[in-house]
Amino acid sequence: GLGGLATAVIAVHFEPATSGATAVAIWPGGGLSLYWAGLLGAAVVGMNALGRAAAVVGLVVLAGAAVVIAPVVSGIVTGGGQVIAGDGRTLPAIVAAEAVADPGLGTLVLRAQADGSLAASVERGSGDRLDDFSTLALTRPAASAEQSAIAELAGNLASRGGYHPAPLLDQFGLEFVVLAPQVGTDAATAAIRDRVSEALDAQAALEPVGETERGSLWRYSAHQPAVASSGPSSLAVGILAGQAAVFVFTLLLALPTDRRRRRVADGAQADDDAEDAFGSDSFETDEFGDDRD
């Protein structure tokens, strides 16, 4: 339990990634789970030492736990909790509809930050899911060439001028640009969002679509959908081949490699084997203690 608590406390002091202008610390849930498991084990051992009094102590602990979790359970039942059901989309509905015919469709998502900066990311298809994220990629020590190009594109789109974004939009397969809604009432965030919105409206390569529940939307009408592959990719073939190899290897390990036969000897042969093993003379003692040859 102490090891889990120490792990959780140390974890929250490491911030290896950023989300826009906000530093992201390591999630302490794993260490806290170990901490609670240690406390539970200590409670079980302690109650075992109490003997008959353990039942009373156990009931008191259960009652206290019920009081502690009651607000959480009531919030889930009444729908007042912070976790609510979503509609399964992270991008506007028109983007999700276009992604049905073009799964590789790219959308540039811009988010105004509280420090006056602008965060940019590219989402494919109908939007990113949790399993699309990689901790290794998000915590890399330096930006990749693709990330630098996206940052350059976003910075130029957010500034008025004669910038021509078509080459980079075509390179990354981007058809839509989404300016996410403002979170909070911070003045710096509102100022940068208004500035970006005006710059996007003035961009000749983009057509304004309008306001959506996921933010303001612009469209790059010259986008050419990527041609879908007629067969599986080389990566998919490699994954299937690896899975087949593992299956075959496991099957071979499960097969017997040798047949072992057991020979059952008759009574006389068993006696001869016993004499060979222990000698021809044997002794036994009856219940009265007399030794007989």
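Note that the structure is a prediction, hence the values are computed from the model and not measured.

Thresholds applied
The residue count restarts for each chain, going from 1 along the sequence in the order it is written. Where totals are concerned, whole chains, interfaces and linings use all residues; where local detail is concerned, this predicted model gives features only for residues with pLDDT of at least 70, and gives and counts side-chain atom pairs only at 80 or more. Side-chain metrics rest on all non-hydrogen atoms present in the structure, leaving aside hydrogens and water. Helix and strand definitions follow DSSP, with helices as H or I runs of at least four residues and strands as E runs of at least two, each counted in order from the N terminus. A 1.4 Å probe rolled over the protein chains alone gives each residue an accessible area, and that area as a share of the maximum for its type sets the label: buried under 20%, exposed over 50%, partly exposed in between. The contact criterion used is simple: two residues touch if any of their non-hydrogen atoms lie within 4.5 Å. A 1.4 Å probe and the Shrake-Rupley method give the accessible areas. Residues count as covered only by the protein chains that appear here. We call a set of buried Ala, Val, Leu, Ile, Met, Phe, Trp, Tyr and Cys residues a nonpolar core when their side-chain atoms join them within 4.5 Å. Only strands joined by at least two bridges in the DSSP assignment are considered to pair. Here, a salt bridge means any side-chain nitrogen of Lys or Arg that lies within 4 Å of a carboxyl oxygen of Asp or Glu.

**Q** Would you explain the overall build of the protein chain in this entry?
**A** Secondary structure summary: the protein chain contains 10 helices and nine strands in total. Looking at the 293 residues of the protein chain, the share that counts as buried comes to 22%. Expressed as a percentage of contacts within the protein chain between residues at least 6 apart in sequence, the contacts between residues at least 24 apart total 58%. Total accessible area computed for the protein chain in this model is approximately 20800 Å², and 61% of it derives from carbon and sulfur atoms.

**Q** Looking at this structure, I do not really get the nonpolar core. What am I missing?
**A** Taken as a class, soluble globular proteins show a tendency for nonpolar side chains to be buried jointly. Leu108, Leu110, Leu153, Val177, Val196, Leu200 and Leu206 are the most contacted members of the largest nonpolar core, which totals 23 residues. Elements with a minimum of two residues in this core: strand E3 (106–112), helix H6 (145–157), helix H7 (166–171), strand E5 (174–179) and helix H8 (187–201). Looking at which element gives the most residues to this core, the answer is H6, with five residues. Formed by eight residues, the second largest nonpolar core is a distinct cluster that contains Leu105, Val109, Phe176 and Val178.

**Q** So what exactly am I meant to see when it comes to the pairing of E3 here?
**A** In regular strands, side chains alternate between the two faces of the sheet. Burial runs high along E3: six of the seven residues are buried. As paired elements, E3 and strand E4 (residues 118–124) share seven bridges and run antiparallel to each other. If you follow leucine 110 over to E4, its bridge partner there is alanine 120. Hairpin geometry of E3 and E4 is characterised by an intervening segment of five residues between the two adjacent antiparallel strands and by a positive phi of about 90 degrees at glycine 116. Of the pairings in the sheet, the one linking E3 to E5 comprises five bridges and is parallel in character. Within the sheet, the bridge partner assigned to threonine 107 lies in E5 and is phenylalanine 176.

**Q** Explain the pattern of salt bridges to me, please; I cannot follow it from the model alone.
**A** Side-chain pairs of opposite charge can arise where the charged atoms are in close proximity. Taken as a whole and assessed by the stated rule, the structure comprises four salt bridges. We note a salt bridge from glutamate 98 to arginine 219, for which the minimum N-O separation is 3.1 Å. With glutamate 98 in helix H4 (residues 93–101) and arginine 219 in strand E7 (residues 215–219), the pair connects residues that are 121 residues apart, well separated along the chain. By relative accessible area, which is 28% here, glutamate 98 ends up partly exposed. One salt bridge connects glutamate 213 with arginine 214, and the closest N-O pair in it is separated by 3.8 Å. Residue class for glutamate 213 comes out exposed when judged on its relative accessible area of 54%.

**Q** Hey, could you run me through the pairing of E7 in this one?
**A** Counting buried positions over the five residues of E7 gives four, a clear majority of the element. In terms of strand pairing, E5 meets E7 through four bridges, oriented antiparallel. Within E7, the position partnered with phenylalanine 176 by the bridge is arginine 219. In this sheet, E7 lies alongside strand E6 (residues 207–212) in antiparallel orientation, the contact comprising five bridges. Paired with glycine 210 across the bridge in E7 is leucine 217.

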